[in-house]
Amino acid sequence: MAGTLQTLILTPLSTQTQSFRLGSPRFPPNHTFFYSTSINFNHNRSIYRPITALERSDQRDGNGDKVNQVSGSASGLNWAKPLLNFVANNFLPVALVSGVALGLANPSLGCLADRYSLSKFSTFGIFIISGLTLRSRDIGAATEAWPVGVFGLVSILMISPYFSRAILQMQMKPQEFVTGLAIFSCMPTTLSSGVALTQLAGGNSALALAMTVISNMLGILIVPFSISKFIADGVGVSVPTKQLFRSLVLTLLVPLILGKVFRESFKGLADFVDQKRALFSKFSALFLSLVPWIQVSRSRSLLLMVKPTVFLIAIGMGALLHVFLLAFNALAIQSLSAVTGGSKSNFSKKENATALVLVASQKTLPVMVAVVEQLGGAFGESGLLVLPCVAAHINQIIIDSVIVNLWLRKDPVSYNAKVN
């Protein structure tokens, strides 16, 4: 579109003299009704052309100056284009913020959705989509960088939960903010944003996808024990590990497997999903936005009692958690690169390091919500537990987007190669 407009603007008018004559004032029949002017090039042939809604007319005002008329509907849509582009490029953060805003503005609809357990269906839908979009060749392509992937899994599932102990040292009212962020630190990596940012940065997207899938599958086994070890002892609550594990299998693993089976069983479905991956990502974001909407609607009365400064502190804590994870993974991969062979090591490859730093530093929101729902209020009001994590989820996407943009400015070759 930009190129077409530029061509139209830069194309010079014909130097040939053109004479215009007005057509007959009588309305012509049928389709020639729309042809009102003729252009005479050689006084022998007349070529009629239609006047469309976007064309400039040759009408003049009282001073004899030309009046340029543009369709009001087209000019009225110009202001909406930047807004629509912003929403399309930031669909997930906009959807999450909209869910929180809707829950605060009108909690009755969210409470009604909670009564019918809509949040469980949304989580099921997210992992169905994850299975549908999971390509086997992408997982196979990550086998070469398996040492990087193994460390990424260790960082995600075994090292980062230790940050929860530092978080629990904070004292805040409501204390659910602190507990929620501590639970958030024990979660596996994000389902989509880590892979998407890795692709944008020109990193090893296959490795990023492999770490995403495996960490979320292993997380079903490890997360209940991490919560019992790192959080339940500090809060004084025992976690029903067996029930939580069973529920996570039903709400996360089963739909993931079903989506993958559907993809492999119907080739036409796989081709359709691959062609519409952006659309399915938006569906996943919409499902995810239902979670904060319902949780905030349930806890609106409590949220209004929270001081804004306290909530801002909780947001800052979530941002600091992500910054610490980024710093830890960046330092760890540099150390491992030096120990395992320097420039010849898999850890020293830029695409592998990019995937590890981005994916291993993010935490997923849907699994956290699924865990909170199964706790049955053992750690406090679920809405207060989830709300700071929604903010942390949005913050990590924004922070990593800024980092990726800085990388691309320094080295745009990776991005151009990825696009081409």
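Residues numbered from 1 in each chain as written. Predicted model: local features only at pLDDT ≥ 70, side-chain atom pairs only at ≥ 80, totals over all residues. Heavy atoms only, no water.

1. Observations concerning unusual backbone geometry
For step 1, the next point in the chain: A cis amide bond, omega 5 degrees, links lysine 173 with the succeeding residue proline 174.
For step 2, the next point in the chain: Tracing the backbone through its elements, the reader meets proline 174 in the loop between helix H9 (163–167) and helix H10 (176–185). (Helix = DSSP H or I, 4+ residues; strand = E, 2+ residues; numbered from the N terminus.)

2. Some points on the environment of serine 301
For step 1, the next point in the chain: Considering the arrangement of structural elements, one finds serine 301 in helix H16 (residues 300–303).
For step 2, the next point in the chain: The exposure class of serine 301 is exposed, given its relative accessible area of 52%.
For step 3, the next point in the chain: Taking the C-alpha atoms as reference points, serine 301 and leucine 104, 197 residues apart in sequence, are found 9.0 Å from one another. (Buried < 20%, exposed > 50% of the residue type's maximum accessible area, 1.4 Å probe, protein only.)

3. Focus on the environment of asparagine 329
For step 1, the next point in the chain: Tracing the sequence through the fold places asparagine 329 in helix H17 (residues 308–339).
For step 2, the next point in the chain: Residue classification places asparagine 329 among the buried residues on the basis of a relative accessible area of 0%.
For step 3, the next point in the chain: As a C-alpha pair, asparagine 329 and phenylalanine 151 span 178 residues in sequence and 9.6 Å in three-dimensional space.
For step 4, the next point in the chain: Those residues in contact with asparagine 329 that sit more than four places away from it in its chain are Phe151, Ser155, Val357, Ala360 and Ser361. (Contact = heavy atoms within 4.5 Å.)

4. Considerations on empty space enclosed by the protein
For step 1, the next point in the chain: Summed over the entire model, instances satisfying the criterion amount to two cavities of 30 Å³ or more.
For step 2, the next point in the chain: The calculated volume of the largest cavity comes to roughly 40 Å³.
For step 3, the next point in the chain: In this structure, the largest cavity is lined by Lys120, Thr123, Ser247, Thr251, Ala370, Glu373 and Gln374.
For step 4, the next point in the chain: Listed by contribution, the elements that provide at least two residues to the lining of the largest cavity are helix H6 (118–132), helix H13 (241–265) and helix H19 (365–375).
For step 5, the next point in the chain: When residues in the lining of the largest cavity are grouped by element, the largest group, three residues, is from H19.
For step 6, the next point in the chain: Grouping the constituent residues of the lining of the largest cavity by class yields one nonpolar, four polar and two charged.
For step 7, the next point in the chain: In this structure, the second largest cavity occupies an estimated 30 Å³ of space.
For step 8, the next point in the chain: What lines the second largest cavity is simply Phe184, Gly318, Leu321, His322, Leu325, Ser361, Lys363, Ala392 and Gln396.
For step 9, the next point in the chain: The set of elements that each furnish at least two residues to the lining of the second largest cavity consists of H17 and helix H20 (382–410).
For step 10, the next point in the chain: Broken down by element, the lining of the second largest cavity gets its largest block of residues, four residues, from H17. (1 Å grid on protein atoms, 1.4 Å probe; cavity = no way out; pocket = protein on both sides within 12 Å on 5 of 7 lines; lining within 4 Å. Points joined across faces, edges and corners; volume = space filled by probe spheres on them. Nonpolar A, V, L, I, M, F, W, Y, C, P; charged D, E, K, R; others polar.)

5. Examining the confidence of the model for the protein chain
For step 1, the next point in the chain: When pLDDT is averaged along the protein chain, the result is 76; 76% of the residues meet or exceed 70.
For step 2, the next point in the chain: Of all the helices and strands in the protein chain, helix H1 (residues 2–10) carries the lowest mean pLDDT, 40, while helix H8 (residues 146–159) carries the highest, 93.
For step 3, the next point in the chain: Within the model, pLDDT remains below 50 along residues 1–57, and this stretch shows 45 contacts once partners closer than five positions in the same chain are excluded. (pLDDT = per-residue confidence, 0-100.)

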